[in-house]
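Chains, contacts and geometry: an overview
Here's the letter readout for the chains.
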Amino acid sequence: MKIILSRLFSVFFFLQVVSPSVMAAQLGLPAPDIEPPTILFNEGNTVIEEGIKTFSATVTDNIGVANVTLYFKSPADIAFKPRKMNPSSADPNIYTVEIEIDSVITSKLEIYIRADDVSGNSIFEGQKFSPLTYTVIPSASAGKVITSVTEPPAEEEEGMSTLSIILIGLGVAALAGSGGGGGDGPSTGSVTITSDLP
């Protein structure tokens, strides 16, 4: 009984796969498109510098490409973020997208590409659970100077500002005017402050 059922299932499956194209040929209709697009993606160097990174892939299809999407995330992100890849003006089969990468935010970048044709067939370069991985490093050309937290702060220039000199002079005048001698009579005096204007 199992053999009969398996043979019937095989024949039924074969007819389902073959009959649409046979029927289409008999009726003069175009055969359904079951061929997915093809993606040619050069992964390149897996170590990339921070900044704006351009990803490009060559995508072709026997009928027509509907859209190409690059999905990316850092290991700390929960889900991939989609970014539409646009066809190049020089070659419509080359799709490109730019992503800004910061090595302070992430040290790794995971990507995969999905291409869909006009008939709804899809293909992937990389997978959601097995993405292409890049290591992100700081840019050598950025010329950033990062000071260590343990370094002492830069020393200020020697000398006093004009405001400091005036405040010290007023403080001395106030002390001199409060009568440091302890006598009963009023004490008088004058203070002259000379300073360069800022």
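Residues numbered from 1 in each chain as written. Predicted model: local features only at pLDDT ≥ 70, side-chain atom pairs only at ≥ 80, totals over all residues. Heavy atoms only, no water.

1. Quick look at the layout of surface pockets
What counts here: Grid spacing is 1 Å over the protein atoms alone, the probe is 1.4 Å, and a cavity is where that probe fits but cannot get out, while a pocket is an open set with protein on both sides within 12 Å along at least five of seven lines and lining residues have an atom within 4 Å of a point. Grid points are joined across faces, edges and corners, and a volume is the space filled by probe spheres set on the points. Elements are defined by DSSP. Helices are runs of H or I of four residues or more, strands are runs of E of two residues or more, and each kind is numbered from the N terminus. Each residue gets one label: Ala, Val, Leu, Ile, Met, Phe, Trp, Tyr, Cys and Pro are nonpolar, Asp, Glu, Lys and Arg are charged, and the others, such as Gly, are polar.
Roughly 170 Å³ of internal volume is contained in the largest pocket. Contributing elements (two or more residues each) for the lining of the largest pocket: β4 (65–73) and β6 (94–101). Among the elements that make up the lining of the largest pocket, the one with the highest residue count is β6 (three residues). Counted by class, the lining of the largest pocket contains five nonpolar, two polar and five charged residues.

2. Re the pairing of strand β5 (residues 81–87)
A regular strand places its side chains on the two faces of the sheet in alternate fashion. Short version of the rule: Any two strands between which DSSP finds at least two bridges are classified as paired.
Relative to β5, β4 runs antiparallel, the two sharing five bridges. Bridged to V68 within β5 is M85. Across two bridges, the pairing between β5 and β6 is antiparallel. Note on β6: the bridge partner recorded for N86 is T96. A loop of six residues connects β5 with β6, the two strands running antiparallel in sequence.

3. Digging into the nonpolar core
Generally speaking, soluble globular proteins have nonpolar side chains that are buried together. Put simply, the rule is: Residues enter a nonpolar core if they are buried and are Ala, Val, Leu, Ile, Met, Phe, Trp, Tyr or Cys, with the set joined through side-chain atoms within 4.5 Å. Any residue under 20% of the maximum accessible area for its type is buried, any over 50% is exposed, and the rest in between are partly exposed; the area is computed with a 1.4 Å probe on protein chains only. By definition, residues are in contact when any of their heavy atoms lie within 4.5 Å.
Of all hydrophobic cores here, the largest spans 21 residues; its most connected members are F41, F55, L70, M85, L109, I111 and I113. Put simply, the parts of the chain that give this core at least two residues each are β3 (51–60), β4, β6, β7 (108–117) and β9 (132–137). Excluding residues within four positions of it along the chain, F55 makes contact with F41, L70, M85, Y95, T96, V97, I99, L109, I111 and Y134.

4. Side note on the side chain of D61
Test applied: We count Lys and Arg on the positive side and Asp and Glu on the negative side, and we leave His and both chain ends out. One speaks of a salt bridge when a side-chain nitrogen belonging to Lys or Arg is within 4 Å of a carboxyl oxygen belonging to Asp or Glu. Counting of polar contacts relies on pairs of N or O atoms within 3.5 Å, with two restrictions inside protein: one atom must be capable of donating a hydrogen and the other of accepting it, and residues adjacent in sequence are counted only when both atoms are side-chain atoms.
Within the secondary structure layout, D61 lies in the loop between β3 and β4. The side chain of D61 is buried and forms no salt bridge, while R114, the nearest opposite charge, is found at 12 Å. One polar contact links the side chain of D61 to the main-chain amide nitrogen of I63, over a distance of 3.0 Å. One polar contact links the side chain of D61 to the main-chain amide nitrogen of G64, over a distance of 3.0 Å. Filtering out sequence-adjacent residues up to four positions away, D61 remains in contact with D33, E35, P36, P37 and D117.

Note that all results are geometric; they support no functional claim without further evidence.
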